[in-house]
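Below, each chain spelled out in residue letters.
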Amino acid sequence: MNHGKITLAKFVGSLIGTAIGDSLGAGREGFSGFKKVREVGTRYTDDTAMMIGVAESLIQCQGFDGEHMAKTFIRNYEREPWRGYGAGPPRVFSLIKQGVSWDKAAESIYPGGSFGNGAAMRIAPIGLLYWEDREKLREIAYKSSRITHTHSLGAEGAALEAYAIVLALKEEPKFLDKLRDFTKLEPYKRKLESVEKLLDRKEDRKEIVAELGNGIEALNSVPAAIYSFLANSSFSEAVVYAASLGGDADTIGAMAGAIAGAWWGVTEIPNAWQKKLENREYIEDLARGLWKMKEIKTY
Ligand SMILES: [Mg+2]
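So, a few notes on the structure that sits alongside this text. Here the structure is a predicted model, which is why all the values come from computation and not from measurement.

A few words on the overall build of the protein chain. When helices and strands are counted, the protein chain shows 16 helices and zero strands. Over its C-alpha atoms the protein chain spans a radius of gyration of 17 Å, differing by no more than 12% from the 19 Å that the globule rule assigns to 299 residues. Over its C-alpha atoms, taken along the principal directions, the protein chain stretches across nearly 50 × 40 × 40 Å. Taking all 299 residues of the protein chain together, 52% fall into the buried category. Taking contacts inside the protein chain between residues at least 6 apart in sequence as the whole, the part at least 24 apart equals 72%.

Bringing the packing of helix H8 (residues 152-169) against helix H9 (residues 175-182) into the picture now. Close contact between H8 and H9 brings their axes to 10 Å; oriented N to C, the two are set at 145°. Of the two possible hands of crossing, H8 and H9 adopt the one that is right-handed. On H9, the residues touching Leu-160, Tyr-163, Ala-164 and Leu-167 of H8 are Phe-175, Lys-178, Leu-179 and Phe-182.

Look at helix H7 (residues 134-145): 16 Å from first C-alpha to last across twelve residues, which is about the 16 Å you get at 1.5 Å a residue. Within the sequence span of H7, burial applies to Leu-137, Arg-138, Ile-140, Ala-141, Ser-144 and Ser-145. Packed against the buried residues of H7 are helix H2 (46-61), helix H3 (66-79), helix H6 (124-129) and H8.

Packed helices, taken two at a time, are described by their axes: the angle between them and the distance between them. Between H7 and H8, the least distance of the axes is 8 Å, while the angle of their chain directions is 135°. When the axes of H7 and H8 are compared, the pair comes out oblique. Here the hand of the crossing between H7 and H8 comes out right-handed. Listed contacts from H8 to Arg-134, Leu-137, Arg-138, Ala-141, Tyr-142, Ser-144 and Ser-145 of H7 are Gly-154, Ala-155, Ala-158, Ala-159, Ala-162, Tyr-163 and Val-166. Its residues assigned to classes, the contact of H7 with H8 comprises nine nonpolar, three polar and two charged.

In this structure, Ile-165 and Ile-259 are the most contacted members of the largest nonpolar core, which totals 100 residues. With 13 residues, the single largest contributor to this core is H8. Those residues within four positions of Ile-165 in sequence are excluded, and the remaining contacts are Ser-14, Ala-124, Gly-127, Leu-128, Ala-258, Ile-259 and Ala-262.

Our next topic: the environment of Ile-16. Among the structural elements, Ile-16 can be located in helix H1 (residues 8-26). Along the chain, Ile-16 and Ile-283 lie 267 residues apart, while their C-alpha atoms are 6.5 Å from each other. When residues no more than four places from it in sequence are discounted, the contact partners of Ile-16 are Gly-261, Val-266, Ile-269, Gln-274, Leu-277, Arg-280, Ile-283 and Glu-284.

With that settled, the discussion passes to the environment of Arg-205. When you line up the elements, Arg-205 lands in helix H11 (residues 205-212). Each C-alpha atom, one on Arg-205 and one on Gly-246, is 9.7 Å from the other, the two residues being 41 residues apart in sequence.

We now examine unusual backbone geometry. With a phi close to 50°, Glu-171 is a non-glycine residue in the positive phi region. The residue Glu-171 is located in the loop between H8 and H9 in this model.

Within the secondary structure, Lys-191 is located in helix H10 (residues 186-197). According to the C-beta neighbour criterion, Lys-191 is buried, with 24 such atoms within 10 Å. Linking Lys-191 and Glu-278, residues 87 residues apart in sequence, is a C-alpha distance of 34 Å. The contact partners of Lys-191, leaving out residues within four places of it in the chain, are Leu-212, Leu-219 and Pro-223.

Cut-offs used in this document
Residues numbered from 1 in each chain as written. Predicted model: local features only at pLDDT ≥ 70, side-chain atom pairs only at ≥ 80, totals over all residues. Helix = DSSP H or I, 4+ residues; strand = E, 2+ residues; numbered from the N terminus. Rg over C-alpha atoms; globule rule 2.2 N^0.38 Å. Buried ≥ 20, exposed ≤ 12 C-beta atoms within 10 Å, placed from the backbone. Contact = placed C-beta atoms within 7 Å. Axes fitted to C-alpha atoms, helices over the stretch in contact; angles between N-to-C directions. Left-handed = near helix turned anticlockwise from the far one by under 90°. Expected span 1.5 Å × (residues − 1). Parallel < 35°, antiparallel > 145°, perpendicular 65-115°, else oblique. Nonpolar A, V, L, I, M, F, W, Y, C, P; charged D, E, K, R; others polar. Core = buried A, V, L, I, M, F, W, Y, C linked by C-beta atoms within 7 Å.

Have a look at this one:
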């Protein structure tokens, strides 16, 4: 591996990694108790479906366009409504279809905004495209969140996950320091301190979940995904670990997979898993599309 060099294999790894982590965790979603799963399910869920929508829209528009991205989510949802979407997105989609603006629909459904992990779970393509400019990355992560998640904790979770993917692309040695420096919100800073404190305690899953969470809130799942990556030393260990935390396992798996795939690259993702993954070639094509944009730089 080329340490520190950003490669196509890392781009592909982050998107395929999202889908593998999602498929792996999908069988565990909502289960209590800890169990290691090593089999990738035959289906990915809404996490990957929406990540695909983010990538499609970024490529088609050669950059971020909120209305286009929202409409892409809606089109993909209508084609495959059975992907396990939560209750929120379909309600947002129906308002947008009725003419409500893409950046106003979500907040009209949730007073104060949703702080779920739905914006973070789909963020990988934004991390890949905006890796060079931290503040631009933050801005686009926040804007893309607004389609469904307007609460600051939901948007910050998406920005933090995107930045973790950037640090993984670069194989940044001071990973946690950089993340702590990046986040503007105290609750996330505190969680990242817990991540550091618990790094050598990964076998005590009960404590990990008690401290970091494994729920559907961004604050209770993005740190767990970051932890799953940092506490393990290969792609497969990281995603198996993430899925084993239970709770919102598909999303924690997807987010850990996006980071781990960006660090180790697609070549380190077990072939047996890749073979089972639905739409693997299409997901790789999307990563290639983002890679080309990186070279052209018109976004
Ligand atoms: Mg899901």
